[in-house]
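Here's the letter readout for the chains.
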Amino acid sequence: MSRSGWITVAACALVLLALDVLLPRVLNPYYATIVIRIGIAVIAAVSLQLVNGFTGQFSIGHAGFMAVGAYVSAAFSVYVGAGWLEAFAAVLPGPLARVAYYPMALAAGGVAAAVAGLVVGIPALRLRGDYLAIATLGFAEVIRIAILNVDAVGGARGFSVAAADHPGADLRFEGFGTVYAVALVTIVVISRLVYSSGGLSFRAVREDEVAAASIGVPATRVKVEAFVVASFFAGVAGALFAHSEGYVHTNSFAFLRSFELVVFVVLGGLGSITGAVLAAAVLTAAPELLRGLGEWRMVLYSLLLIVTMLVRPQGLLGTRELGFDWLRRRLG
Amino acid sequence: MHGRWRVGLALAMALAVAACGREQTSGAGATGPIRVGHFASLTGDTATFGRSTDNGIRMKIEEVNARGGVLGRPLELVTEDDRSITEEARTTAQKLVQRDEVVALLGEVASSRSLAAAPEAQRARIPMISPASTNPRVTQVGDYVFRACFIDPFQGAVMAKFARETIGAKRVAILFDFKQDYSVGLADFFRKTFQSMGGEIVADERYTSGDIEFRAQLTKIRGTRPDAIFVPGYYTEAGLIAKQARELGITVPLLGGDGWDSTRTLEIGGSAVEGDFFSNHYAADSDSALVREFVEKYRAKYGEVPDAMAVLGYDAAGILVDALARAGTTDGPKLRDAIAATKDYPGVSGTISMDPQRNARKDAVVIEIKDGGFHYKQTVPAF
C-alpha cells in the first residue's frame, strides 16, 4: 500500500474513533441502533456477495455462519473476555479499553465461523445450483438447532451478553465507529480480493465452471476459499450483532435472515459490492422508516422489492461499482 | 475533489442535525395526553398473542379515557409491531421511548422478546410491564421491569396443591417436555411442592416437543398405578398424550398448565381430555362479576371470547393506570415506585400485588375439561 493509502486509512480510523465517542452522545439511541444494524447488514451482505455474486454459488444459509460468530464471540466475551476487558478498563479509559478488546471478540467469532464454513463448504460445494442452495439452507438450520441445544449459551432462553461476575466490564457497545471500521475493512478486503488478478478465478468459476477447470482453475478450491472468507466476515457480523444487541436468540438467525441477505445481494446487483452496500442500507432502514404506515408497512416493503426487480432485473447496480475507481486508486 | 468532500460533509452534517433536531416535547409536558407505548407481535409467528394483548390494552385505555383519563389528562396508546422478531422488539421499545416519549412500556408476550427489549426500558428509566412473559429471568433484567402474570414455578406449585388437596392424589406421575424451559420449570416445582405436601412422585418420564408417540412412557407410568398424571406441556402433545393414555386404559385425570389453554387441546384430544384439569390465568365462565363484565364488553367490542392474553393485556394496562394515579406524576422513577407498591389491585385475572421481584402475585384458576369445553373449577390462592 502506498503512503497516501496509509494516510487515508489512518484518517478513516481517526474519524471512526471520533464518531464512536461523539455520536452516541448526540444521536438518539433509536437512530443509533438503526445505523448500527445497517453497518452489520452491510458486512453480511458484502461477504455473501463474494459467494453468490462473484463466485456464482447460490448459498441461502449465510445466517448460520452469523449465528456461529454471534454465539462463539458472545460466549467468549462472557466466559473469558469479560475478565480481560475489566483488566483493560482498569488501566485505559473506557472507549480505548473496548477498542483494545473488541478485535479479540470479533476474531473469535470470525475464526469460528470460518472453520464452520470450511467444514460445511468442502462437502457442500461439490454440489451445484439448486442442490447447493438446499444443502446450505440445511446446514444453517443444523447450526441453529445445534446451538438451541447448548445450555451454556442459554438454549431456547436466549443468551444475554453480560457477565454478572465482572461488573467493571461493559461488553455492549453503542458507538458505531467499531461497526463501520469493520464494514470498511470488509469492503476493502473483498474488493481487493475479487478485483485482483487472482480474483479473476472467482469470476471464471461463476461464468463457466467447466471452462474454468479446463484452463487449470481449481474450481472446488476456489469455491471453498470464497466460502471460507465469506463465512469469516459473516461471523464477524454476527459477533458485532451479539455485542451491539446485548442479547442473542437463535430466532434471529433463522432462514428468514439468510433469505434477507440473499435479497440484499440480488437487489443490489449480483457481482456489485457497492450494490450490496446500497441495498443492505436501504432495506435495513426501510421497515423503520415506513413505520408511519402502520400495518401496511410490510406490504409496501414487499411491493418495493417486486417493483425494483421488475424495473431492474439485474439489480440496482448490475455488476457495476459505484465510485470505486476513486477509492481503489487511493488505497492501491 | 475538494468540492465533493465539502458536499459530502455538508450532507452528513445536515443529516446529523435533522436526526438530533427531531426532539419533541410531549410526555414530560403537563397538559397533552399521556403516552403509553405497547410493543407487540401484530404480525408474524405469534400474531394472535400481540393482537389479543393490544385489544385488551386498548379496551382498558378507552375505558379510562371515557372516565376522564388519569391525572386530568387523557391516555394515548401508541402500538408498534415487532413482526415477532427478537431484535425488532428492541428497536420498537427504543422507538417508543425515544421518539414517542412514552411514560411506560407494555409488552411483550414472548419471554425472548421481553428479554431483548427490557434493557432499553431499564436504561431509559421507563417502567415496563410485560403482560404475559412467564420466564423468571425477564424481571431480573432490572428494577424497572415488571410483569402482570405469575411465573412458571408458581403454576407447578398450584397444580401440586390442587392434586393433593382437591383430587386427594397420593401418587402422581410426571410426563414433561425436557426441551422446553417452561415445561421443565413447571415439573420441577410440581415435584417439590407435591413431595413437601406428603405426596409421592411414582414416575418421572420425559418427551420432546414434536414427538407423536408416547406409548412407551405411558406404559411405564401405567405400571406404577398413579392417582393422576402431570403433563406440563403445550396443547399439541398434551392432546396426543391424553388420547394414547386412554387407549392404554389409563383412566386417571391428566393435569396441565396454561400451555393447554387453546381450543386445539379439545380438537386433538377429543373425548380423551374429558375430566382433565389445567391451571390458567383466568376462566371465561368464572362467577366473578369482574370477569363476567369484562367478557361481555370484550365480546361486544371485538366479537370473540377474550383469551388469556387479552385479559393479561387489560390487567397490565390497569396496573399502570392505577400506579399513575397513585404516583401523581409521569416521572419514570416515581412511576416505577408506584408500580412496585401495587397492592390488591382488582384485576380480571385476579387480585394482583407486586412481589419484591416485580412479579405479579395473584390467584390461579383451575379449569376442568367437561362436555367438550373449558369450565371453571376452582381458584387456587397465591401463597
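Participant: Looking at this structure, how should I read the sheet that holds strand 10 (residues 277–280) of chain B?
Facilitator: Sheet strands pair by backbone hydrogen bonding; their relative direction is either parallel or antiparallel. Residues and elements named next belong to chain B. Spatially, the seven strands line up as an open sheet ordered 7-6-8-9-10-14-15, and their pairing is mixed. Edge positions in the sheet fall to strand 7 (200–207) and strand 15 (373–380), since each has one partner strand and no second. If you compare each strand with its neighbour and ignore which way they point, the axes differ by 25 degrees on average. Against the sheet, helix 8 (residues 235–247) engages strand 6 (171–177), strand 7 and strand 9 (254–256), with an angle of about 170 degrees to strand 9.

Participant: Would you mind going over the interface of chain B and chain A with me for this structure?
Facilitator: Accessible area lost upon the coming together of the parts is a frequently used measure of interface size. Each partner contributes to the interface: chain B provides 29 residues, whereas chain A provides 30 residues. A buried area of about 2,600 Å², summed over both sides, lies between chain B and chain A, and 47% of it is on carbon and sulfur atoms. Our count for the contact surface shared by chain B and chain A stands at six salt bridges. Inspection of the chain B/chain A interface yields 13 residue pairs in polar contact (both at pLDDT 80 or more). When residues of the side of chain B that touches chain A are traced back to their parent elements, those giving at least two are helix 1 (2–20), strand 2 (75–81), helix 3 (86–99) and helix 4 (111–124) of chain B. Sort the elements by how many residues they give to the side of chain B that touches chain A and helix 3 of chain B lands first, with 10 residues. Tallied by class, residues from the side of chain B that touches chain A come to six nonpolar, seven polar and 16 charged.

Participant: Explain the domain arrangement of chain B to me, please; I cannot follow it from the model alone.
Facilitator: Residue and element names in this part refer to chain B. When the domains of chain B are assigned, the result is domain 1 (34–150 + 288–363) and domain 2 (153–280). Measuring from the centre of the C-alpha atoms in domain 1 to the corresponding centre in domain 2 gives 31 Å. Each partner contributes to the interface: domain 1 provides five residues, whereas domain 2 provides six residues. At the boundary of domain 1 with domain 2, total buried surface from both sides reaches about 500 Å², with 66% on carbon and sulfur atoms. A per-residue breakdown of the area domain 1 buries against domain 2 is headed by T134, F150 and A308, which together make up 69% of the total. Inspection of the domain 1/domain 2 interface yields zero salt bridges. At the junction of domain 1 and domain 2, the tally comes to zero residue pairs in polar contact (both at pLDDT 80 or more). Residues of the side of domain 1 that touches domain 2, tallied by class, amount to three nonpolar, one polar and one charged.

Rules used throughout
Residues numbered from 1 in each chain as written. Chains lettered and ligands numbered in written order. Predicted model: local features only at pLDDT ≥ 70, side-chain atom pairs only at ≥ 80, totals over all residues. Heavy atoms only, no water. Pairing = 2+ DSSP bridges. Helix = DSSP H or I, 4+ residues; strand = E, 2+ residues; numbered from the N terminus. Axes fitted to C-alpha atoms, helices over the stretch in contact; angles between N-to-C directions. Contact = heavy atoms within 4.5 Å. Buried area = accessible area lost by both parts, 1.4 Å probe. Salt bridge = Lys/Arg side-chain N within 4 Å of Asp/Glu carboxyl O. Polar contact = N/O pair within 3.5 Å; in protein donor to acceptor, adjacent residues only side chain to side chain. Nonpolar A, V, L, I, M, F, W, Y, C, P; charged D, E, K, R; others polar. Domains from an automatic or database assignment.

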